[in-house]
Every structure is written in C-alpha cells, then in structure tokens.
Amino acid sequence: MTMEPSLIFEHLLSKFGATKVVELRDRTIPPTICVQPSAVREVLHELKNNRDLAFDYLQLISGVDYPMHFEVVYHLTSLIHQHSLAVKAQIPRDNPVIASIADLYPAANWHEREQFDLMGIIFEGHPDLRRILCPEDWEGHPLRKDYVQPLEYHGISNVRKCSDDWYPKPDEDAKAIVRLKAPASGSPNPAATQGSPQAKPGE
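Here is a short report on the structure shown in this document. All values reported here derive from a predicted model rather than from experimental measurement.

### Observations regarding the nonpolar core
Turning to step 1, where the next piece is worked out: Residues Leu44, Leu47, Tyr74, Ile98 and Ile101 are the most contacted members of the largest nonpolar core, which totals 32 residues.
Turning to step 2, where the next piece is worked out: In this view, leucine 44 contacts Tyr74, Leu76, Val87, Ile101, Leu104 and Tyr105; residues no more than four positions away in its chain are not counted.

In structure tokens, the structure reads:
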C-alpha cells in the first residue's frame, strides 16, 4: 500500500532522530527526505528492508554541484507499494566522500562509478571505484561547474569546431541574453538565419 511521504518521514525520524534525518520536502517530485551523509547507509537500508516501505528499486544516483557543497541524490521506488522517494545528502566540495551502497543495491555499483567519474564524488567502500565513461587518465570531472575542458588529450585536439560553435558550449545564459537583445521581428537576426539554405530565384 502506498505510504504518504509525511508518514515515511515520521517513521525515519522516530527511528534515527533529527540529528540524522533532517528535513522533508514534500512539494518536490518525487518527495525528498534530506539526511546527514553519515546516515545514508542506515536510512537506505531501512527504506529497502522495512516491509511497509520496501523501496526495492534504485533508479538512479545523481550528483548536484552547488557553490559550497555537492548533493548526492538517491532516487528510489517501491515496485510493491508503488511509491517513490528521493533521499538527499550534502557533502563538502573539498572532501566529497560518502559511503557506498553497492552492497545494498547492486545497481549502485555503476551509478556510483558514474558520479565518481563525472563529479569526482568518492564512494567509500565501493568494490571497484574507477571511471566508467572517461578514460582512466582523463583530467578532471566533466560535470562539475568549474570543469575546464583540456585542449588536447594524448596529442589529439579536443576543440572540435563546427560553424561558430564548439564543445563544451559557451555560457548558455550569455547566449540567451544575446538572443533577447536581438532586433525585433522585421529585422534580420544573423543567429537565426545563419546556415539556412539560400532561396532560389523565382521562389
């Protein structure tokens, strides 16, 4: 039977206390419970193994980059009770370490490797923590906001020019401001017309 997020939160709060289970955000989709990073393993163990909760399916582990910290987000679903939940924990940017849950959810093995590779989050106790998308000797973590793309890799240029764009893309906010300041309708917009086919005579 589906359980309301407030009841799940109250259950965890009564079991682990307010020092470990910090906050319920029930207006998010899915509802989110914030916990201390040191409590992640025991909270997730309870969510999975308590029969009334039975969050038996780990959909995803994601990392979010904020100026002062990272957030590790565990997306859970109960296939039995048909309810979903996110569990969040904040970890410091200068020491992004959190316990692995690969032994609780086998799917976490690859999800944790992805976050290690792209965000530089270290999952302590992971059985084989190494890059999964980038080469082993790649420098940096590409999904961090302060990531700088290397100009070359083993002598091969990483700058692939295509028209006036390249990867990684320039600041999208700055490009959006340029578009907003473009001339009103009736005046040609070079960005909009660039690369469009030329009209043939008589068309």
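### A word on unusual backbone geometry
Turning to step 1, where the next piece is worked out: In this model, isoleucine 29 is joined to proline 30 through a cis peptide bond whose omega is -5°.
Turning to step 2, where the next piece is worked out: The residue proline 30 is located in the loop between β1 (21-25) and β2 (32-35) in this model.
Turning to step 3, where the next piece is worked out: Not every positive phi belongs to a glycine, and alanine 54 is a case in point at roughly 50°.
Turning to step 4, where the next piece is worked out: Positive phi, close to 60°, is recorded for glutamine 82, a residue that is not glycine.
Turning to step 5, where the next piece is worked out: Here glutamine 82 lies in the loop between β4 (69-78) and β5 (83-92).
Turning to step 6, where the next piece is worked out: The exposed category is assigned to glutamine 82, whose relative accessible area is 59%.

### Let's talk about helix α3 (residues 108-119)
Turning to step 1, where the next piece is worked out: With 12 residues, α3 extends 15 Å between its outermost C-alpha atoms, agreeing within 8% with the 16 Å of an ideal straight helix rising 1.5 Å per residue.
Turning to step 2, where the next piece is worked out: Every buried residue of α3 is listed here: Ala108, His111, Glu112, Arg113, Gln115, Phe116, Asp117, Leu118 and Met119.
Turning to step 3, where the next piece is worked out: Summarising the contacts, the buried residues of α3 are in contact with β3 (57-65), β4, β6 (97-99) and β7 (122-124).

### Digging into the pairing of β3
Where a strand is regular, its side chains alternate between the two sheet faces.
Turning to step 1, where the next piece is worked out: When β3 meets β4, the two strands line up antiparallel, connected through 8 bridges. Directly across from tyrosine 57, in β4, lies its bridge partner threonine 77.
Turning to step 2, where the next piece is worked out: The turn linking β3 back onto β4 is made up of 3 residues.

### What about helix α1 (residues 5-16)?
Turning to step 1, where the next piece is worked out: Helix length check: α1 (12 residues) gives 16 Å between terminal C-alpha atoms against 16 Å at 1.5 Å per residue, within 8%.
Turning to step 2, where the next piece is worked out: For α1, the complete set of buried residues consists of Pro5, Ile8, Phe9, Leu12 and Phe16. Take α1 and look down its axis: the buried residues cluster within an arc of 95°, on one side only.
Turning to step 3, where the next piece is worked out: In this structure, the buried residues of α1 make contact with β1, β2, α2 (40-49) and β5.
Turning to step 4, where the next piece is worked out: Downstream of α1 by one or two residues, glycine 17 has phi in the positive range, about 90°.

Analysis parameters
Residues numbered from 1 in each chain as written. Predicted model: local features only at pLDDT ≥ 70, side-chain atom pairs only at ≥ 80, totals over all residues. Heavy atoms only, no water. Core = buried A, V, L, I, M, F, W, Y, C linked by side-chain atoms within 4.5 Å. Buried < 20%, exposed > 50% of the residue type's maximum accessible area, 1.4 Å probe, protein only. Contact = heavy atoms within 4.5 Å. Helix = DSSP H or I, 4+ residues; strand = E, 2+ residues; numbered from the N terminus. Expected span 1.5 Å × (residues − 1). Pairing = 2+ DSSP bridges. Arc of directions from axis to C-beta.

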